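Summary of structural features
If you want the building blocks of each chain, they are given just below.
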2 protein chains.
Amino acid sequence: MPQRTKKPGASRIRSAAFQRIRADHSSELAEDYVELIADLIDEKGEARGSDVAMRLGVANATVVKTLKRLQDAGLVTQEPYRSIFLTGEGWKMAEDGRKKHKIVEAFLLALGVSEKTARIDSEGIEHHVSDETLRAMARFLARKVM
Amino acid sequence: MPQRTKKPGASRIRSAAFQRIRADHSSELAEDYVELIADLIDEKGEARGSDVAMRLGVANATVVKTLKRLQDAGLVTQEPYRSIFLTGEGWKMAEDGRKKHKIVEAFLLALGVSEKTARIDSEGIEHHVSDETLRAMARFLARKVM
DNA sequence: CGCAAAGTTTAGCATTGGCTAAACCCTTTG
DNA sequence: CAAAGGGTTTAGCCAATGCTAAACTTTGCG
């Protein structure tokens, strides 16, 4: 959680960009998790911790720990030794992420980037595009098509 | 530093994207620091820790700690209570970052995004675009102009 | 049904990147 | 020249995100 510091009135800072990036990083992991969990549920009917671990390329224990935080944040529910479920809020976040992801990836492809690169880069970029940029990408795609 | 783990032969993972993102995050901060230090040196003749702190929107102590790591990594040099210098490697990284940054920002502007958003988003995106995507962006810019 | 294998969780550790408060050094001024 | 004030650093804390190894469930097979 980004701890709120009272910034001294002294010298107003225009570090907005960097502060947003740090904030983005906090939520980035959560978004990746819920998106992945949603995919797993759709693909296989359930999301197991170990599947998440494998796809993310991290250790099982790491997933357990992170899921605990996501549970506290109200994004997932889970019983020990059972598979993972998304809450309403979790689904919403997952859907938002998927939408974003799809636009960014399609955009990169339209730009002439290879499929593999589009897949990898979109994963990294999606968390850092504002709504405005996303709209611009969508506009570009629409123009391309017609 | 990303610790190298020997991934068990069991179940080859295709988590490349996520692993790259985690790796990117390690270097992201370093890039932001050296880029900012380079800017400060060019603008004001020297980079003081407190300027860096102010522009990044973090506490002074945080900068001190991070600079120690960057020094260990061979990117900057510094004496206590003096201003900060970049090593050759540091300059190289800063230049690369600036180049990337410029392309991404110009690209976003060409896409029709507002200046403010372009400035903010490019800061977040620049660390996640591969060379291939960067080339595609440059191509797009070139086409736009002619 | 019981036990072994497979899958999960807990425990404990490390690193990164933040913060505040206190100590420290440098500079400037009286 | 010495002391005050301001800028820097150190100390010590916290949370997030990783890891491995060990403990604990579940499950599935004989």
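Preceding block: the structure.
Attention here is on the structure that accompanies the text. (Residues numbered from 1 in each chain as written. Chains lettered and ligands numbered in written order. Predicted model: local features only at pLDDT ≥ 70, side-chain atom pairs only at ≥ 80, totals over all residues. Heavy atoms only, no water.)

**Things to note about the protein's contact with DNA strand C**
- Among the 21 residues in the neighbourhood of DNA strand C, the closest are listed as A:R22, A:R48, B:A59, B:K65 and B:R69.
- Protein-proximal atoms of DNA strand C, defined as those within 4 Å of the protein, fall in sugar or phosphate at a share of 71%.
- Note that a phosphate oxygen of DNA strand C is positioned 2.8 Å from one of the side-chain N or O atoms of A:K68.
- The contact in question runs from a phosphate oxygen of DNA strand C to an N or O atom on the side chain of B:R69, over 2.4 Å. (Near = heavy atom within 4 Å. Polar contact = N/O pair within 3.5 Å; in protein donor to acceptor, adjacent residues only side chain to side chain.)

**Here's the deal with the pattern of salt bridges**
Residue and element names in this part refer to chain A.
- For the structure on display, the rule yields 18 salt bridges over all chains.
- Two residues, E46 and R48, come together in a salt bridge whose shortest N-O distance is 3.0 Å.
- Looking at E46, the relative accessible area reads 34%, which means it is partly exposed.
- Judged by relative accessible area, R48 falls into the partly exposed class, the value being 35%.
- A salt bridge links D96 to K92, with the shortest nitrogen-to-oxygen separation between them at 3.0 Å. Within this pair, D96 and its partner K92 are both found in helix α4 (residues 88-110), separated by four residues, close to a single helical turn.
- Among the residues examined, D96 registers a relative accessible area of 37% and is labelled partly exposed. (Salt bridge = Lys/Arg side-chain N within 4 Å of Asp/Glu carboxyl O. Buried < 20%, exposed > 50% of the residue type's maximum accessible area, 1.4 Å probe, protein only. Helix = DSSP H or I, 4+ residues; strand = E, 2+ residues; numbered from the N terminus.)

**Brief notes about empty space enclosed by the protein**
- Per the stated rule, a full pass over the model turns up one cavity of 30 Å³ or more.
- What lines the largest cavity is simply A:F107, A:L108, A:I125, A:M137, B:F107, B:L108, B:I125 and B:M137.
- Mapped onto the lining of the largest cavity, the elements with two or more residues apiece are α4 of chain A together with α4 (88-110) of chain B.
- Looking at the lining of the largest cavity, its residues break down into eight nonpolar, no polar and no charged. (1 Å grid on protein atoms, 1.4 Å probe; cavity = no way out; pocket = protein on both sides within 12 Å on 5 of 7 lines; lining within 4 Å. Points joined across faces, edges and corners; volume = space filled by probe spheres on them. Nonpolar A, V, L, I, M, F, W, Y, C, P; charged D, E, K, R; others polar.)

**Quick word on a positive patch on the surface**
- Where like charges cluster on the molecular surface, the positive patch consists of A:R135, A:R139, A:R143 and B:K144.
- Examining the composition of the positive patch, we find that three residues originate from one element, helix α6 (residues 131-145) of chain A, more than from any other.
- Residue position: A:R135 is located in helix α6. (Patch = residues over 30% accessible without salt bridge, like charges linked within 9 Å, V, L, I, M, F, W, Y side chains within 5 Å. Areas by Shrake-Rupley, 256 points an atom, 1.4 Å probe, with all protein chains shown as cover. Lys, Arg positive; Asp, Glu negative; His and termini not counted. Charge placed at Lys NZ, Arg CZ, Asp CG, Glu CD.)

**Focus on unusual backbone geometry**
Residues and elements named next belong to chain A.
- Here Y81, not a glycine, exhibits a phi torsion of approximately 65°, which is positive.
- With respect to the element layout, Y81 can be found in the loop between β1 (76-78) and β2 (84-86).
- Taking relative accessible area as the criterion, Y81 reaches 84% and is therefore assigned exposed.

**Topic: the side chain of B:T66**
Residue and element names in this part refer to chain B.
- Mapped onto the fold, T66 is located in helix α3 (residues 60-72).
- Judged by its relative accessible area of 5%, T66 falls in the buried class.
- Leaving out residues up to four positions away in the same chain, T66 has contacts with L29 and Y33. (Contact = heavy atoms within 4.5 Å.)

**Structural notes on helix α2 (residues 49-56) of chain A**
- Of all the positions in α2(A), only A:G49, A:D51, A:V52, A:A53 and A:L56 are classed as buried.
- Residues of α2(A) that are buried in the fold lie against α1 (16-44), α3 (60-72) and β2 of chain A together with α1 (16-44) of chain B.
- Backbone geometry just after α2(A) places A:G57 at a positive phi near 75°.

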